[in-house]
Amino acid sequence: MGKEFRGTIADHPDFDAGSDAEALFNAMKGFGSDKEAILDLITSRSNAQRQEIRAAYKSQYGKDLIDDLKYELTGKFERLIVGLMRPPAYHDAKEIKDAIKGAGTDEKCLIEILTSRTNEQIHNLVEAYKDAYGRDLEEDVIGDTSGHFKKMLVVLLQGTREEDDVVSEDLVEQDAQDLYDAGEAQWGTDEAKFIMLLGNRSVTHLQLVFDEYQKIAEKAVEDSIKSELSGDFERLMLAVVQCIRSKPMFFARRLYKSMKGLGTADNTLIRIMVSRSEIDMLDIRECFRLRYEKSLYNMIQDDTSGDYKRTLLKLCGGDDDIAGEFFPEAAQIAYKMWETSAMTKVQLRGTVRPYQNFDPASDAQALRKAMKGFGTDEDAIIDIVAHRSNAQRQEIRQTFKSLLGRDLMADLKSELSKNLERLILGLMMTPAEFDAKMMKKAMEGAGTDEHALIEILVTRSNQEIQDMCSAYQNAYKKSLEDSIASDTSGHFKRILISLAQGAREEDPADMARASEDAQELADACNEDSGDMEDKFMSILCTRSFPHLRRVFQEFVRCSNKDIEQIIKKEMSGDVKNAMFAIVRSVKNQPSYFSDRLYKAMKGLGTDDRALIRIMVSRSEIDFFNIRKEFKETHDASLHEFIQVETLVGDTSGDYRKTLLILCGGED
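Rules and cut-offs
Residues numbered from 1 in each chain as written. Predicted model: local features only at pLDDT ≥ 70, side-chain atom pairs only at ≥ 80, totals over all residues. Heavy atoms only, no water. UniProt positions renumbered as here; feature names shortened; annotations may be inferred. Helix = DSSP H or I, 4+ residues; strand = E, 2+ residues; numbered from the N terminus. Rg over C-alpha atoms; globule rule 2.2 N^0.38 Å. Buried < 20%, exposed > 50% of the residue type's maximum accessible area, 1.4 Å probe, protein only. Contact = heavy atoms within 4.5 Å. Core = buried A, V, L, I, M, F, W, Y, C linked by side-chain atoms within 4.5 Å. Phe/Tyr/Trp six-rings, centres within 6.5 Å; stacked < 30°, edge-to-face > 60°. Lys NZ or Arg CZ within 6 Å of the ring centre and 35° of its normal. Axes fitted to C-alpha atoms, helices over the stretch in contact; angles between N-to-C directions. Parallel < 35°, antiparallel > 145°, perpendicular 65-115°, else oblique. Left-handed = near helix turned anticlockwise from the far one by under 90°. Nonpolar A, V, L, I, M, F, W, Y, C, P; charged D, E, K, R; others polar.

An unreviewed UniProt entry lists the chain under the name Annexin, with Onychostoma macrolepis as the source organism. Per its UniProt entry, the chain bears the Sequence similarities (unreviewed entry) comment "Belongs to the annexin family." Check the Function (unreviewed entry) section of the UniProt entry for the chain; it says "May associate with CD21. May regulate the release of Ca(2+) from intracellular stores."

Participant: Give a description of the overall build of the chain that names residues and reports values.
Facilitator: Scanning the chain for helices and strands turns up 40 helices and 0 strands. For 667 residues, the compact-globule estimate of 2.2 N^0.38 gives 26 Å, and the chain sits close to it at 29 Å. If one aligns the C-alpha atoms of the chain with their principal axes, the spans along those axes are about 95 × 65 × 60 Å. Relative to its full complement of 667 residues, the chain shows a buried share of 52%.

Participant: How would you summarise the side chain of S46 if you had to cite specific residues and measurements?
Facilitator: Inspection of the secondary structure assignment puts S46 in the loop between helix 2 (35-42) and helix 3 (47-61). Among residues more than four places away in sequence, those in contact with S46 are I9, A10, D11 and E278.

Participant: A description of the environment of V274 should follow, citing residues and the corresponding values.
Facilitator: Here V274 lies in helix 17 (residues 266-276). Owing to a relative accessible area of 11%, V274 belongs among the buried residues under this scheme. Spatially, the C-alpha atom of V274 lies 50 Å from that of S498, the residues being 224 residues apart in sequence. Apart from the residues within four sequence positions on either side, V274 is in contact with L80, G83, L84 and H91.

Participant: Before we move on, could you go through the nonpolar core and cite the residues and values that matter?
Facilitator: One recurring pattern in soluble globular proteins: nonpolar side chains tend to sit buried together. If you look at the biggest cluster of nonpolar residues, it comprises 200 residues, and the most contacted ones within it are L198 and F536. In terms of residues, this core owes the most to one element, helix 36 (residues 573-601), which gives 13 residues. Once residues lying within four places of it in the same chain are set aside, the contact partners of L198 are M152, R161, L179, L206, F210, I225, M237, V240 and V241.

Participant: Please set out the packing of aromatic side chains residue by residue, giving values where relevant.
Facilitator: Here the structure, examined in full by the defined rule, presents 15 aromatic pairs. Seen from their ring centres, F250 and F251 are 5.3 Å apart, and the 70° between their planes marks the pair as edge-to-face. Like F250, the residue F251 is buried in the burial classification. Through a chain of ring-to-ring contacts, three or more aromatic side chains come together here, namely F25, Y57 and Y61. Over the aromatic face of Y133 sits the side chain of K97, whose NZ or CZ is 5.5 Å from the ring centroid.

Participant: Help me get a handle on the environment of T633, residues and values and all.
Facilitator: With respect to the helices, strands and loops of the structure, T633 is situated in helix 38 (residues 623-634). Between the alpha carbons of T633 and V241 there is a distance of 17 Å; along the sequence they are 392 residues apart. Not counting the four nearest positions on each side in its chain, T633 is found in contact with Y256, K257 and K260.

Participant: I'd like a description of helix 28 (residues 450-459), backed by residues and values.
Facilitator: In an α-helix there are 3.6 residues to a turn, and that puts residues three or four apart on one side. In terms of residue burial, helix 28 counts as a mostly covered element, since 8 of its 10 residues are buried. Among all positions in helix 28, only A452, L453, I454, E455, I456, L457, V458 and T459 are buried.

Participant: Explain the packing of helix 7 (residues 107-116) against helix 16 (residues 247-259) to me, and be specific about the residues and the numbers.
Facilitator: One way to put it is that helix 7 packs onto helix 16 with a least axis distance of 11 Å and a crossing angle of 165°. Classed by the angle they form, the pair helix 7 and helix 16 counts as roughly antiparallel. Note on packing geometry: the crossing formed by helix 7 with helix 16 is left-handed. In this structure, helix 7 uses K108, E112, T115 and S116 to contact helix 16, whose residues at the interface are K247, F250, F251 and R254. Residue composition of the contact of helix 7 with helix 16, grouped by class: 2 nonpolar, 2 polar and 4 charged.

In structure tokens form, the structure reads like this:
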């Protein structure tokens, strides 16, 4: 049996090359061209059929179809249609030629093509390049690249990777150990070993090696690559690993990065949509939805326009936001994602550490001096507060009062203003005081900030929640539970009150119980919405995070559904947001905070309250990890994002300066 077809473009059933050639000729005849007719015809024929049309066009009209299309069409639409008309190997050859010609090299294009093509596709590409440009591809790549990056590209250009059915079981453990010894286990990195193993072993073999590596290193091989390698070589090896794990997920990531943020990387978007439309576009679509909670179809619709958009949507082939179940490829990936999440031991790192030569009396005197007399020395205040740990700040508060008989918080409040005041005061509070204040702010006034309530209660440990409840009672003479009960309602109120008990289980995963819990969640999906929400709440709000990772993994197995997509599809409003936040936090908490920061800063205006809340509360816990996740997902450094997004309304720059110190550096 052949492999199931996973593309979106197939052979047209009533194909007639001569008739199609005539239709295209007529669409381009006279003044102007019928773009709708051109895109409809070309996107409903396979590449093999397009080559027949091109040959028929030349024999009927004595002209080259691609030349005529280039003449009649313009811009991105022209590039897309012409790309579809080229044979796959010649399209790849053209992309690589464009990537290495001129002053700069498009390394990302080289990486994408050479890591994702089969041996046969690589051989065809090399031949097409020679035929089209009369040059040797390997020589051109060698002349345009250097170092280990060049060596790995040359290995990939040989197209000699072992075929997928080749698995050397006796070598799996040895290869995993060799990779570990080449990087994590020694000072410096043996790049040659990485190149040899990742450039030659079969996909199936390497998938087993990566599983074994996870057991040895207690981290994913991707994390080791990020810590051991750098620059283009790091990006190349990460792409190799991602393609070994799942080509559809690799392309889903590339597509997302090509469209998010300011502007669209159209060359990348066109290249992937053209090259994968007859191979695995259905799986790419599903992986896209799995990772980004939005369909590829909708993202293309939002990010492009005109005939260009219509052509891309035809290649995409459909909208997955209406679906709930996985294609086989995505189900396998989802299961693996949860398994990796359960097995990986992440080392959390903050960006603010205790100051080495700490002297609370000296700091207290310096702060008093900065606020005495006419004007305030904001730089001195920022320099002290942002470079001390929270425990050290509490010592400074006590010393300020005992030495000077003054309340440091009151003095800071009278001397500072706006966002800088809120940020500095937040840093000077204990974590419990700060969380209590943030909960109070989220519930006071006319509207409730439900996202803030969810974020705090979902991400804090039992001890942190209990400390916050005590601080809330002390500060506001009312229990946090009573405030939540009077400010929220229904299932959402019950979820928040459950979380506010600070009584989540703290046990490791119990696999037998995880299977039972997963089955209960799967069964609940068939019940009415109220019963479903009750069952989800009883499990998601009480089980430990390690246990829930296994529950969500088993949920994929017993339902063939994505827990995040089910929540998105079957629930609504604040209940949906709360459940969604729990799942995201269980999967990868730094990634959840990264997403919250992105949403706080993108679009019109900045949500400074959310920005301050996260920067203050995570700076000593996992802000380094949050930064890394931000860079990985959004392809931009958080440092750079803060610099740009906080310019408006921060005329002095002191607020931005403090945030950047807490951020801890560029990535």
